[in-house]
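Each chain, written out:
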Amino acid sequence: MIRCRNCVMSLVNNRIKFYAYNQPKRLCSNNEKTEEEKNYESNREKRERQHEFFAKRSLILKGAFECVEHKNKDSFLEMIDIFINKDINRRNHTEFIYAALKSMKEYGIQRDLQVYKKLIEVMPKGKFIPTNLFQVEFQHYPKQQQCIIDLLDQMEDNGVIPDYEMEDMLINVFGRRGFPVRKFWRMMYWMPKFKNLSPWMVPNPPPNDAFELAMLAVERMCSVDLQSKISVFHTKDVESSIEDTWIVSGQSVVQQDLLKKHDKKIGLFIEGPFNIWLRYRCISYFILRSEAPKNYIEYNDDIEVDDVSDIDVPIFSLGKVKQKKNKVAILRSVHEQKDGTIYAVCCTGVSSKDSLLSWIRLLEKHGNPSLADLLVLFKFISPTDREVVIQSKEPTVKTDSENDSNEDNKN
C-alpha cells in the first residue's frame, strides 16, 4: 500500500508540474519566456556541458598516455593516481585500464608487477562480487571481469608471476568465485613450474651488453659437449683486419680432431647469421661446417632390448631367409649431423665478413693449423651479390661477373 500511495502521489505531482509549465505558455501572447522555461533551458545546457565533458574525458583516456613527455614508471603511476583520486565513481575505469595496458610497452614497464597491481586498484571494491550461483556461472559484470583477465594474460605473456597480495586484491573486487581469481590460481600453479625448467639459466632481466649476451649464447650452444672451450678473440690481433671488435668462439677437442681429419679437397662453409633468443633478447651467431660425407650411415641406437615381437626362434625360423646386416655403422660424435659436420661456432660484435675472416685466422693460430690449407666459403642467409672465398693466406673475392666469365671459358 505504501508503494502504491507513493506511485500515485508522484504521478499527481508530475501532472501538476506539467500543467503549471504549459498554462503560462498558453496565456502569454507575446514571445517573452517565463522563469520556468529559462530554468529548463539552463538545466538542459548544464546536461549538454556534462555530456561534452564526459565525451572529452573518454577521448583523453585513450590518448592520455601518449601525450606524456617523459615516459617512465613514475609518470605512469602518477597518471593512475590522478585517475583514482579525480572521480569517486571512477567512470570509464575499464577503458582506462585497456589504454594503460596498450601503452605499457612504450614506458618499458610491461614486466613490472607493481604496475599491474596498481592497475587492479583502479577497479571499485565490493561492487562486482556475485551473490548467488547464477551470477557466478554467468560471469557477473562480464566487461569488468574480462578486462582483468586480459590484464592477467598480458602478465603471463611477459613472464610476470603474480604474488599472493594480488590474490587478496582480486578477491576484494570479484569475490573468491570470480573468473579473474580462477585465472590467477591457474597462473600460480603453472608459471612457477616453468620458471626454472630450462637447464640454461639466463639472468632476469637479461643483460643489455652484446658481449655478455654472446658469452651466454655460445656457452648454451656448446653445452652439448662438455669438452668445449669458450675463447674470446680480438680482431686487432690480426694484421690484415679492418675492424676492431671482439669475437666469442666455441670449439671442443673433438671438433679440432675432426677438422684435422677433414679432406683438403672439400671446402668448408661459414653459415649465418642465425638468431638465438635469451629470454626476450636476440643475438646472431655463425657456424663453421662442412657437408655430410656421401657414405654417411645413420646409426640408430633406439633399439628396444626388451622387444620380443620379432624374436629369433631356431625351430620356427627354418624356412625364413634372414637378411644379413653387412653394414657397419660408425658411432659418430654429436657434432656430426645428417646435414654436415660443425667445427666451430662464434658471435662477433659487428657480424661482418671482415670479422669472420679474422675469426678463421685466429682459429688457425689457436689449435687449427689445417685451416691454412682448406678452402672456406662464406654462405650468408641474407641475399648478397658477392661470395668471399678464403684460400691459403690471402682472401680472394669471387663475384657474379667472374663466375660468368669462367663458365664461358670452360665452354
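Bear in mind that the values here come from a model prediction, so they are computed numbers and not experimental data.

A.B. asks: Quick question: what am I supposed to make of the packing of aromatic side chains here?
C.D. replies: Any two aromatic rings considered together are summarised by their centre-to-centre distance and by the angle between their planes. Across all of its chains, the model carries ten aromatic pairs by this definition. Here Phe128 and Tyr141 contribute two aromatic rings whose centre-to-centre distance is 4.8 Å and whose plane-to-plane angle is 65°, an arrangement assigned as edge-to-face. Of this pair, Phe128 sits in the loop between α5 (113-120) and α6 (133-137) while Tyr141 sits in the loop between α6 and α7 (142-157); the two residues are 13 residues apart in sequence, bridging distant segments of the chain. With 6.0 Å between their ring centres and 25° between their planes, Phe128 and Phe174 make a pair best called stacked. Here Phe174 lies in helix α8 (residues 164-174) and Phe128 lies in the loop between α5 and α6, a separation of 46 residues in the sequence. In terms of burial, Phe128 and Phe174 fall into one category: buried. An aromatic cluster of three or more residues is present, and its members are Phe128, Tyr141 and Phe174. If you follow Arg182 out to its NZ or CZ, it ends over the ring of Phe179, 4.6 Å from the centre. Over the face of the ring belonging to Phe269 we find Lys379, whose NZ or CZ atom lies 5.0 Å from the ring centre.

A.B. asks: Would you mind going over the pairing of strand β2 (residues 246-251) with me for this structure?
C.D. replies: On a regular strand, one side chain projects to one face of the sheet and the next to the other, so that they alternate. β2 sits mainly inside the fold: six of its six residues count as buried. In terms of strand pairing, strand β1 (residues 229-234) meets β2 through six bridges, oriented antiparallel. Bridge pairing in β2 places Ser231 opposite Ser249. Across four bridges, β2 lies against strand β6 (residues 340-348) in antiparallel orientation. Within β6, the position partnered with Ile247 by the bridge is Thr348.

A.B. asks: What exactly am I supposed to notice about the environment of Asn208 here?
C.D. replies: Looking at the secondary structure, you find Asn208 in the loop between α9 (179-195) and α10 (210-221). Spatially, the C-alpha atoms of Asn208 and Arg281 are 8.1 Å apart, while their sequence positions differ by 73 residues. Engagement of the side chain of Asn208 in a polar contact is seen with the side chain of Arg281, the distance being 2.5 Å.

A.B. asks: Can you help me understand the packing of α5 against α7 in this one?
C.D. replies: Two quantities define a packed helix pair, namely the angle between the helix axes and the distance between the axes. Contact pair α5 / α7: the axes reach a minimum separation of 11 Å and the direction vectors enclose 175°. Relative to α7, the element α5 lies roughly antiparallel. Judged by residue contacts, Leu113, Tyr116, Leu119 and Ile120 of α5 engage Leu151, Gln154 and Met155 from α7. Looking at side-chain class alone, the contact of α5 with α7 contains six nonpolar, one polar and no charged residues.

A.B. asks: Any chance you could explain the pattern of salt bridges here in plain terms?
C.D. replies: Pairing between side chains of opposite charge can happen when the charged atoms of each approach one another. Inspection of every chain in the model, using the stated rule, returns 15 salt bridges. With a shortest N-O distance of 3.0 Å, Glu95 and Lys143 are connected by a salt bridge. In this pair, Glu95 sits in helix α4 (residues 93-107) while Lys143 sits in helix α7, placing the two residues 48 residues apart along the sequence. Within this structure, Glu271, Arg289, Glu291 and Lys379 form a network of salt bridges that share partners.

Basis of the calculations
Residues numbered from 1 in each chain as written. Predicted model: local features only at pLDDT ≥ 70, side-chain atom pairs only at ≥ 80, totals over all residues. Heavy atoms only, no water. Phe/Tyr/Trp six-rings, centres within 6.5 Å; stacked < 30°, edge-to-face > 60°. Helix = DSSP H or I, 4+ residues; strand = E, 2+ residues; numbered from the N terminus. Buried < 20%, exposed > 50% of the residue type's maximum accessible area, 1.4 Å probe, protein only. Lys NZ or Arg CZ within 6 Å of the ring centre and 35° of its normal. Pairing = 2+ DSSP bridges. Polar contact = N/O pair within 3.5 Å; in protein donor to acceptor, adjacent residues only side chain to side chain. Axes fitted to C-alpha atoms, helices over the stretch in contact; angles between N-to-C directions. Parallel < 35°, antiparallel > 145°, perpendicular 65-115°, else oblique. Contact = heavy atoms within 4.5 Å. Nonpolar A, V, L, I, M, F, W, Y, C, P; charged D, E, K, R; others polar. Salt bridge = Lys/Arg side-chain N within 4 Å of Asp/Glu carboxyl O.

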